[in-house]
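# Per-entry structural report
For reference, the chains in residue letters:
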Amino acid sequence: QLDCIGFCGVDDSVDLQALRDLSVEHPYVEWGVLLRPDKQGEPRYAGADMLEALGRMVSSCAETGAALRVAAHLCGTDCLRALSGDVAHVCRLKEVIGFRRMQINPTAANEASGWEPAPAAEGLRAIANALTDVELILQVNDETRELAHHLFSDPERPAPPNFAALLDASCGLGVAPDAHPSPLPGVRCGFAGGMGPDTVLAQLLKVSAACEGQPACRTWIDMESGVRGRDAAGADIFDLARIRHVLELVVAEGYLDGVRQQQSFLSSALYSCNTRSATLQSSQGQMLVARGAPSSGQARL
């Protein structure tokens with residue numbers, strides 16, 4: 001069962017109100033923002049104004065109780081600064097964007113190589129310990145295998161509880177694997193690699209095979225290249241039509257039934273709570289009217 005679908009590559013081509021509307025309809029959707037300073041403002045990489053506007057929308061949604069889930073995907077120097085344990089820098093990014101999950105992509109394809117596994121693991125532990133309300137996600141593949149071992153396989157130093165793993169053998173290049181690896185023992189894991197409207201159902205069957213023997217396994221999937229498209233002028237865009245198609249397919253196959261039922265229950269409970277609150281306020285108002293307003297000499301409580 002899935003509890004989240006991530007669509008990565010929110011950029012300046014996006015209508016933020018459309019993202020908000022899709023989030024209201026599908027609260028389990030997570031919008032991924034690629035952070036790489038040397039690419040900022042290019043397709044797949046939101047510019048500074050878009051990041052600030054997205055952060056304001058996240059804050060606005062939180063105030064109204066609506067869901068707008070955002071994840072930061074750190075690449076380039078932003079990723080290297082996280083590996084070095086630069087807590088202040090990561091906190092500044094969080095303040096601007098308001099993300100609740102942060103993926104670390106320390107690979108050559110993401111211009112984030114040249115690090116040493118042991119010090120990098122210490123840097124990420126420092127980030128995780130400082131931002132306990134954020135789930136950190138390590139992209140796990142051949143390039144990061146030794147770093148993953150330092151974080152997840154040391155019996156004397158278990159990974160921080162807010163650490164997870166994204167299993168992506170393609171290193172973020174959007175290549176669909178013949179088979180997905182099994183989840184790491186005791187680690188919350190997600191899956192990626194070549195997913196989009198044409199491949200997502202076939203890949204989900206492979207994810208199910210990878211999770212065989214783990215009936216309680218709850219996971220997420222993430223996609224980027226598969227949800228790119230072209231506008232009328234031929235420009236590369238974050239394609240909401242392709243995203244809607246993915247959601248239709250995955251919902252129809254029942255992969256999200258568990259989280260949809262849970263969210264339906266929570267919505268009903270919230271509606272019931274709000275109704276009771278409104279009824280109580282109405283009753284209190286009627287009681288005040290029946291008693292009469294206090295005279296000018298009476299204290300107003």
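My aim in this report is to walk through the structure given alongside it, one point at a time.

Conventions used here
- Residues numbered from 1 in each chain as written.
- Predicted model: local features only at pLDDT ≥ 70, side-chain atom pairs only at ≥ 80, totals over all residues.
- Heavy atoms only, no water.
- Helix = DSSP H or I, 4+ residues; strand = E, 2+ residues; numbered from the N terminus.
- Buried < 20%, exposed > 50% of the residue type's maximum accessible area, 1.4 Å probe, protein only.
- Areas by Shrake-Rupley, 256 points an atom, 1.4 Å probe, with all protein chains shown as cover.
- Core = buried A, V, L, I, M, F, W, Y, C linked by side-chain atoms within 4.5 Å.
- Contact = heavy atoms within 4.5 Å.
- Pairing = 2+ DSSP bridges.
- Right-handed = clockwise from strand over helix to strand, strands pointing away.
- Phe/Tyr/Trp six-rings, centres within 6.5 Å; stacked < 30°, edge-to-face > 60°.
- Lys NZ or Arg CZ within 6 Å of the ring centre and 35° of its normal.

## Examining the overall build of the chain
Within the chain, the regular secondary structure consists of nine helices and ten strands. Taken across its 301 residues, the chain has 46% of its residues classed as buried. Summing over all exposed atoms, the chain offers an accessible surface of approximately 15,000 Å²; the carbon and sulfur share of this is 52%.

## Structural notes on the environment of H149
Structurally, H149 is set in helix α6 (residues 145–152). The sequence separation of H149 and P117 amounts to 32 residues, and the corresponding C-alpha distance is 8.9 Å.

## Section: the nonpolar core
Ranked by internal contacts, the top residues of the largest apolar core, which has 76 residues, are F7, W31, M102 and F238. Beyond its immediate sequence surroundings of up to four residues, W31 is in contact with F7, V10, L19, L22, S23, L68, R69, V70, A71, F238 and I243.

## Notes on the pairing of strand β3 (residues 69–74)
The side chains of a regular strand alternate, first on one face of the sheet and then on the other. Buried residues dominate β3, accounting for five of its six residues. Relative to β3, strand β2 (residues 29–35) runs parallel, the two being bridged by six bridges. Following the sheet pairing, W31 is matched in β3 by V70. For the handedness criterion, the β-α-β arrangement of β2, helix α2 (residues 48–64) and β3 is classed as right-handed. Here β3 runs beside strand β4 (residues 101–104); their pairing, made up of four bridges, is parallel.

## Observations concerning the packing of aromatic side chains
According to the stated counting rule, one finds three aromatic pairs in the structure shown. Between W31 and F238, the aromatic rings sit 6.1 Å apart at their centres with planes inclined by 70°, giving edge-to-face as the arrangement. With W31 in strand β2 and F238 in strand β10 (residues 236–238), this residue pair connects regions lying 207 residues apart in the sequence. Ring centres of F152 and F163 lie 6.0 Å apart, and the angle between their planes is 80°; this geometry places the pair in the edge-to-face category. Note that F152 is positioned in helix α6 and F163 in strand β6 (residues 163–167), a separation of eleven residues in sequence. As far as burial versus exposure is concerned, F152 and F163 are alike and both buried. Connected via pairs of aromatic rings, a cluster forms that spans F7, W31 and F238. The residue whose ring lies beneath R101 is W220, and the NZ or CZ to ring-centre distance is 4.3 Å.

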